[in-house]
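Chain by chain, the residues run as shown.
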Amino acid sequence: MTTDGEIRNDKHDISQHDISQRDGLPAGRKVDGTDPIARQYLELASKYESEEILDSGLQDLEFANSLSKLVALLERQGKYDEAIPLCKRSLTIRTFALSDDNSEVAQNLYQLGGLLWKDQKYDEAVPFYERAFATRKLLPQGSEDPLEFAQSLSRLATMFERQGIYDDSITMRRRSLAICKLALGEDHPEVAGTLNDLAELLQRKFDQVDKVRQKASLITWRMSPLYTGPRILTGQTYLNEACLLHQQALDIRERVLAEDHPDLAQSLNNLAGLLARQGDTDDAVLLYQRAVAILGRVHGEEHPDTHTSSRNLKPLRTSRTSSPNSSKNLFKIG
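Residues numbered from 1 in each chain as written. Predicted model: local features only at pLDDT ≥ 70, side-chain atom pairs only at ≥ 80, totals over all residues. Heavy atoms only, no water.

(A) Spatial organisation of the overall build of the protein. Scanning the protein for helices and strands turns up 14 helices and 0 strands. Taken from the N to the C terminus, the helices and strands of the protein come in the order α-α-α-α-α-α-α-α-α-α-α-α-α-α. Every one of the 334 residues in the protein was classed for burial, and the buried ones make up 47%. (Helix = DSSP H or I, 4+ residues; strand = E, 2+ residues; numbered from the N terminus. Buried < 20%, exposed > 50% of the residue type's maximum accessible area, 1.4 Å probe, protein only.)

(B) How the structure looks around the pattern of salt bridges. This structure, assessed with the given rule, holds 13 salt bridges. A salt bridge links Lys121 to Asp81; its shortest N-O distance comes to 4.0 Å. On the criterion of sequence distance, the pair formed by Lys121 in the loop between α6 (103-118) and α7 (122-138) and Asp81 in helix α5 (residues 80-97) is long-range, its members being 40 residues apart. For Asp81, a relative accessible area of 57% corresponds to the exposed category. A salt bridge links Arg277 to Asp207; the nearest nitrogen and oxygen atoms lie 2.2 Å apart. A residue pair is termed long-range when its members are at least 10 positions apart, and Arg277 in helix α12 (residues 262-277) and Asp207 in helix α10 (residues 189-223) qualify at 70 residues. Within this structure, Glu161, Arg173, Asp197 and Arg204 form a network of salt bridges that share partners. (Salt bridge = Lys/Arg side-chain N within 4 Å of Asp/Glu carboxyl O.)

(C) Up close: the environment of Lys118. Along the chain, the position of Lys118 falls in helix α6. Once the C-alpha coordinates of Lys118 and Gly78 are considered, the two residues, 40 residues apart in sequence, prove to be 8.6 Å apart.

(D) Representation of α5 within the structure. Between its first and last C-alpha atoms α5 spans 25 Å; for 18 residues at 1.5 Å apiece the expected length is 26 Å, and the two agree. Within α5 the residues assigned to the buried category are Tyr80, Ala83, Ile84, Leu86, Cys87, Arg89, Ser90, Leu91, Ile93 and Arg94. (Expected span 1.5 Å × (residues − 1).)

(E) Quick look at the packing of α6 against helix α8 (residues 146-162). Contact geometry of α6 with α8 gives a least axis separation of 11 Å together with a crossing angle of 40°. The angle between the axes of α6 and α8 places the two elements in the oblique class. In this structure, the crossing between α6 and α8 has a hand that is left-handed. Contacts from Gln107, Tyr110, Gly114, Trp117 and Lys118 of α6 reach α8 at Glu148, Phe149, Ser152, Arg155, Thr158, Met159 and Arg162. (Axes fitted to C-alpha atoms, helices over the stretch in contact; angles between N-to-C directions. Parallel < 35°, antiparallel > 145°, perpendicular 65-115°, else oblique. Left-handed = near helix turned anticlockwise from the far one by under 90°. Contact = heavy atoms within 4.5 Å.)

(F) Highlighting the confidence of the model for the protein. On average, residues of the protein carry a pLDDT of 77, and 69% of them reach 70 or more. The secondary-structure element of the protein with the lowest mean pLDDT is helix α1 (residues 16-20), recorded at 42, while helix α11 (residues 236-256) shows the highest, at 94. In the predicted structure, residues 15-31 sits below a pLDDT of 50 and forms 38 contacts with residues beyond four places in sequence or in another chain. (pLDDT = per-residue confidence, 0-100.)

(G) Structural context of the packing of helix α4 (residues 61-76) against α5. In the contact formed by α4 and α5, the axes pass within 9 Å of each other and the chain directions differ by 155°. Here α4 is positioned roughly antiparallel relative to α5, judged by the angle of their axes. In this structure, α4 crosses over α5, and the sense of that crossing is left-handed. Contacts between α4 and α5 pair Leu61, Phe63, Ala64, Asn65, Leu67, Ser68, Leu70, Val71, Leu74 and Glu75 from the former with Tyr80, Glu82, Ala83, Leu86, Cys87, Arg89, Ser90, Ile93, Arg94 and Ala97 from the latter. Among the residues forming the contact of α4 with α5, the class breakdown is 13 nonpolar, 3 polar and 4 charged. (Nonpolar A, V, L, I, M, F, W, Y, C, P; charged D, E, K, R; others polar.)

Spelled out as structure tokens, the structure:
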């Protein structure tokens, strides 16, 4: 979980490389006049602005397909303000010309939701993702890219998480994780990243539940011994599951990544922080030591991430010296 004393864990976007390959355009292609294909789509964009296209192109699906490819080019250049209106135009054409159960409509909705998401227009992105999910239910099985759906679920989960709607966010991340496992396999690095995101979310849910518990405990203490209501839940199950998920992510990264990969250090740091939070000092120290060693080799001793892990490790060493029986040894340390 990200605090001032931890390495930052940015939410990763599921399978960006895998999804981008569907466009049939190289990821490094620039939207300028030096590239023949890019120039072709720039010419298309100028035609798009003409009255001839606006009047006669409403049902032109070939035009909509070309617009979508131009949108993909602009998206890769980070030109979201230019891409969004073109994407809306292609969606208008497809919505008018095709049925609601068409995969092209669903794909266009996902594309537009993703653009709005990247442009940080989160509230605007939600209805397009919701329409995409509704369209998806009407599609024949196997006609949709599962990773596109998983990515959309992950983004919506982040939106709900930012609003403190953790239960819905947890549900979406669980679905996203299940899809990634089926589509990519249990040992894929993307699965490890999704496990990490769910674990971080479960920790935030625990914090939310714990605040409620603390308030309720104060009330019941003031009412004691008159209070005879239900037992106050602590939410410990959220932390327990988060530990298991972080361990699973670490196991995957240890199997598929190089020994000095920064993502491996991130998993070590994540699990160490959570174990330390639960009082498992010995195991946390071992994990932090491995993370510090990796980060030192990869980034150098003066890098901020190396300093952060070292700073997290120092008080745990002191605590372990003063309390030699602090370890619970609940989790496997590789």
